[in-house]
Amino acid sequence: MNDTIEFEPTAYHVKKSNQGPALDIRDFNLWYGETQALYDNNLEIQKGQVTALIGPSGCGKSTLLRCLNRMNDLVDGLRIEGQITVDGFDIYGRGVDVIALRKRMGMVFQKPNPFAMSIYDNITYPLRVDGVTKKSILDETVERALQQAALWKEAKDRLHDSALGLSGGQQQRLCIARAVASDPEVLLMDEPCSALDPIATARIEELIEELKGTYSIVMVTHSMAQAARVSDNTAFMYLGRLIEYGDTDTIFTNPQRPRTNDYVTGRFG
Ligand SMILES: Nc1ncnc2c1ncn2[C@@H]1O[C@H](COP(=O)(O)OP(=O)(O)OP(=O)(O)O)[C@@H](O)[C@H]1O
Ligand SMILES: [Mg+2]
């Protein structure tokens, strides 16, 4: 493997979806204290498609994903340069309502993290915090979100039981239901299947397939097979840099960069 890093920028956009870009990341740099973790990231994420972020451990996938809904804001000593825009508005711009932004950018984590409350309350909690009290609206939202997360059939007779009684895969689908309840534009998923068995993983992958189109999905994964199965576009990152971005078939079968090829063929990782 050649050890020099490719510094020339790769094309940052892929074939446009018919809906245009959902997110535009431009000249984005990030430091944790003195240490730079992201270098000149440029990436245009298409609406209604699944974009996979891949690359070896520590390359900055979660860091970049967390910037998309400003989850990194609370990290001490964090500094950023560059721009991330959603529908033309700069999410790091002045006066941005971060809570509202996070509703537009639902997040699903590696480990299912339902609240220690009922299934129903897990989904309605964010609405109730917003002051929604009308039972018919709450009921409708619960049914819609659980339907969208392919959990309705299993959960409809136990809505008021604790969410912690669900299996791991069901809990992850509940977290997806919670994320779609506020009808976001983008779903951010950080290794959403890594704590799940193969059957639960397959269900989440099917679900991602169903949800794309309605939502733009950005997913971090360590599984090459998963990225190849579910994503339309793939971004390969290495040491904080975006090395190559393109449609998933090209990245996996005909990558332009030797380092991408080495990674997707399992030569390092
Ligand atoms: N809160 C933090 N404070 C300081 N450094 C951090 C913090 N979070 C991440 N880093 C560092 O930033 C770099 C990128 O980390 P990040 O978690 O984004 O990588 P990753 O690609 O998601 O890795 P993995 O595949 O292991 O999850 C690493 O060197 C990591 O140690
Ligand atoms: Mg990570």
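Look up: the structure comes first, before these words.
In this text the structure is predicted, and so the values were computed from the model without any measurement.

What counts as what
- Residues numbered from 1 in each chain as written.
- Chains lettered and ligands numbered in written order.
- Predicted model: local features only at pLDDT ≥ 70, side-chain atom pairs only at ≥ 80, totals over all residues.
- Heavy atoms only, no water.
- Helix = DSSP H or I, 4+ residues; strand = E, 2+ residues; numbered from the N terminus.
- Buried < 20%, exposed > 50% of the residue type's maximum accessible area, 1.4 Å probe, protein only.
- 1 Å grid on protein atoms, 1.4 Å probe; cavity = no way out; pocket = protein on both sides within 12 Å on 5 of 7 lines; lining within 4 Å.
- Points joined across faces, edges and corners; volume = space filled by probe spheres on them.
- Nonpolar A, V, L, I, M, F, W, Y, C, P; charged D, E, K, R; others polar.
- Pairing = 2+ DSSP bridges.
- Right-handed = clockwise from strand over helix to strand, strands pointing away.
- Axes fitted to C-alpha atoms, helices over the stretch in contact; angles between N-to-C directions.
- Parallel < 35°, antiparallel > 145°, perpendicular 65-115°, else oblique.
- Left-handed = near helix turned anticlockwise from the far one by under 90°.
- Contact = heavy atoms within 4.5 Å.
- Near = heavy atom within 4 Å.
- Polar contact = N/O pair within 3.5 Å; in protein donor to acceptor, adjacent residues only side chain to side chain.
- Areas by Shrake-Rupley, 256 points an atom, 1.4 Å probe, with all protein chains shown as cover.
- Phe/Tyr/Trp six-rings, centres within 6.5 Å; stacked < 30°, edge-to-face > 60°.
- Lys NZ or Arg CZ within 6 Å of the ring centre and 35° of its normal.

Points about the environment of Leu242
Turning to step 1, where the next piece is worked out: With respect to the helices and strands, the residue Leu242 is situated in strand β10 (residues 241-247).
Turning to step 2, where the next piece is worked out: Classification of Leu242 as buried rests on a relative accessible area of 13%.
Turning to step 3, where the next piece is worked out: Counting along the chain gives 15 residues from Leu242 to Ala227, while the straight-line C-alpha distance between them is 16 Å.

Looking at the layout of surface pockets
Turning to step 1, where the next piece is worked out: Here the largest pocket defines a volume of roughly 690 Å³.
Turning to step 2, where the next piece is worked out: In terms of lining, the largest pocket is formed by 25 residues, of which the most central are Arg102, Lys103, Pro126, Arg178 and Ser182.
Turning to step 3, where the next piece is worked out: Listed by contribution, the elements that provide at least two residues to the lining of the largest pocket are α2 (98-104), β6 (105-108), α3 (119-129), α4 (135-148) and α6 (168-181).
Turning to step 4, where the next piece is worked out: Its residues assigned to classes, the lining of the largest pocket comprises 15 nonpolar, five polar and five charged.

Section: the pairing of strand β7 (residues 186-190)
Turning to step 1, where the next piece is worked out: For β7, the tally of buried residues reaches five of five residues, placing the bulk of the element in the interior.
Turning to step 2, where the next piece is worked out: By the alternation rule, side chains of β7 split into Val186, Leu188 and Asp190 and Leu187 and Met189, which are all buried.
Turning to step 3, where the next piece is worked out: Pairing between β6 and β7: four bridges, direction parallel. Its bridge partner being in β7, Gly106 is matched across the sheet by Leu187.
Turning to step 4, where the next piece is worked out: In terms of strand pairing, β7 meets strand β8 (residues 216-220) through five bridges, oriented parallel. Paired with Asp190 across the two strands is Val220, which belongs to β8.
Turning to step 5, where the next piece is worked out: Following the chain from β7 across helix α7 (residues 198-211) to the adjacent parallel β8, one finds a crossover that is right-handed.

So, the packing of α6 against α7
Turning to step 1, where the next piece is worked out: Contact geometry for α6 and α7: axes closest at 9 Å, N-to-C directions at 20°. The orientation of α6 with respect to α7, classified from their angle, is roughly parallel. Along this stretch, α6 crosses α7, giving a crossing that reads as right-handed. On the side of α6, the interface is formed by Gly169, Gln172, Arg173 and Ile176, while α7 contributes Ala200, Arg203, Ile204, Leu207 and Leu211.

Concerning the site of ligand 1
Turning to step 1, where the next piece is worked out: Surrounding ligand 1, one finds 13 residues, the nearest of these being Ser57, Gly58, Lys61, Ser62 and Thr63.
Turning to step 2, where the next piece is worked out: Within the side chain of Tyr32, one N or O atom sits 3.4 Å away from a nitrogen atom of ligand 1.
Turning to step 3, where the next piece is worked out: Taking Lys61, its side chain carries an N or O atom lying 2.8 Å from an oxygen atom of ligand 1.
Turning to step 4, where the next piece is worked out: Considered on its own, ligand 1 offers 630 Å² of accessible surface; in the complex 60% of this is hidden by protein.
Turning to step 5, where the next piece is worked out: Of all the elements, helix α1 (residues 61-67) adds the most residues to the shell around ligand 1, at four residues.
Turning to step 6, where the next piece is worked out: Residues belonging to the shell around ligand 1 are distributed by class as follows: four nonpolar, six polar and three charged.

Some remarks on the packing of aromatic side chains
Turning to step 1, where the next piece is worked out: If you walk through the whole model with that rule in mind, you get three aromatic pairs.
Turning to step 2, where the next piece is worked out: Between Phe115 and Tyr125, the aromatic rings sit 5.6 Å apart at their centres with planes inclined by 65°, giving edge-to-face as the arrangement. On the criterion of sequence distance, the pair formed by Phe115 in the loop between β6 and α3 and Tyr125 in helix α3 is long-range, its members being 10 residues apart.
Turning to step 3, where the next piece is worked out: Seen in terms of ring centroids, Phe236 and Tyr263 are 5.1 Å apart; in terms of plane orientation they differ by 25°. Their pairing is stacked. Placement of Phe236 in strand β9 (residues 233-238) and of Tyr263 in helix α10 (residues 258-264) is noted, with a sequence separation of 27 residues between them.
Turning to step 4, where the next piece is worked out: Residue classification places Phe236 among the buried residues on the basis of a relative accessible area of 0%.
Turning to step 5, where the next piece is worked out: Since its relative accessible area comes to 5%, Tyr263 is described here as buried.
Turning to step 6, where the next piece is worked out: Its end group placed over the ring of Trp31, Arg79 keeps NZ or CZ at 4.0 Å from the ring centre.
Turning to step 7, where the next piece is worked out: Over the face of the ring belonging to Tyr39 we find Arg241, whose NZ or CZ atom lies 4.1 Å from the ring centre.

Considering unusual backbone geometry
Turning to step 1, where the next piece is worked out: Of note in the backbone geometry, Arg70 takes a positive phi value of approximately 60° without being a glycine.
Turning to step 2, where the next piece is worked out: One non-glycine residue with positive phi stands out, namely Ala150, at about 55°.
Turning to step 3, where the next piece is worked out: Mapped onto the elements, Ala150 comes out in the loop between α4 and α5 (152-155).
Turning to step 4, where the next piece is worked out: For Ala150, a relative accessible area of 27% puts it in the partly exposed group.

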